[in-house]
Amino acid sequence: MSWFHTLGPFLWDSCVGAPTSEVVAERCLANMPPAEAEALKGKIAIVTGCTMGGIGAVTAKILAGKAKMQVVAVGRTRSKLDRTIDDIMKEYPEAQVVPMLCDVSLLSSVRAFAAAFEERFPAANHNLALLVNNAGIMASPFSLTKEGLESQMATNHLGPFLL
């Protein structure tokens, strides 16, 4: 069983006492077997919802720093992505993190992201190994996206499915 398959129960157990995402990340870093990290080295991971202090940013840090993956950090706001990347680079100066914009609640934005990703990383040349659909919203008041979809359904289900 791979390291990723063991993360579910591990993260559940880690939530007792409500640790911060940094505490969970440290536990993950300490428990990632070297062989797993080596198998991921140089491959690409797309991580959505990379906002400082959140699970997406911590996931990107683990994958870029420990596994030495090339991480595509995805978010809606460039300045927030830049802060996340700056934080990763302080701890892991050799990390490869590429910011790309996408609002997963908008299917047109997801399609534009996919086209930009393919342009930057042509399918014949890239080594996409992971897609971490972290971006999401919860318990938000009813609202519709610009495309007329219920915002929570679009953000948490339709956008990630399309991606």
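As a starting point, this report considers the structure included with it. Every value quoted in this text rests on a predicted model; they were computed, and no experiment measured them.

## Remarks on the packing of helix α6 (residues 107–120) against helix α7 (residues 151–162)
Moving on, step 1. One way to put it is that α6 packs onto α7 with a least axis distance of 9 Å and a crossing angle of 30°. Accordingly, the angle class assigned to the pair α6 and α7 is roughly parallel. Regarding α6 and α7, the two cross each other, and that crossing is right-handed. Here L107, V110 and R111 of α6 lie close against α7, whose contacting residues are L158, G159 and L162.
Moving on, step 2. Of the residues in the contact of α6 with α7, the class split is four nonpolar, one polar and one charged.

## Observations concerning the side chain of T145
Moving on, step 1. Within the fold, T145 resides in the loop between β4 (128–132) and α7.
Moving on, step 2. Leave out the neighbours within four places in its chain, and T145 touches S105, L106, S151 and A154.

## What about unusual backbone geometry?
Moving on, step 1. The backbone phi angle of K68 is positive, close to 55°, even though this residue is not glycine.
Moving on, step 2. Relative to the assigned elements, K68 resides in the loop between α4 (55–66) and β2 (70–75).
Moving on, step 3. Phi at A139 takes a positive value of approximately 55°, unusual for a residue other than glycine.
Moving on, step 4. Residue placement: A139 occurs in the loop between β4 and α7.

What counts, and at which threshold
Residues numbered from 1 in each chain as written. Predicted model: local features only at pLDDT ≥ 70, side-chain atom pairs only at ≥ 80, totals over all residues. Heavy atoms only, no water. Axes fitted to C-alpha atoms, helices over the stretch in contact; angles between N-to-C directions. Helix = DSSP H or I, 4+ residues; strand = E, 2+ residues; numbered from the N terminus. Parallel < 35°, antiparallel > 145°, perpendicular 65-115°, else oblique. Left-handed = near helix turned anticlockwise from the far one by under 90°. Contact = heavy atoms within 4.5 Å. Nonpolar A, V, L, I, M, F, W, Y, C, P; charged D, E, K, R; others polar.

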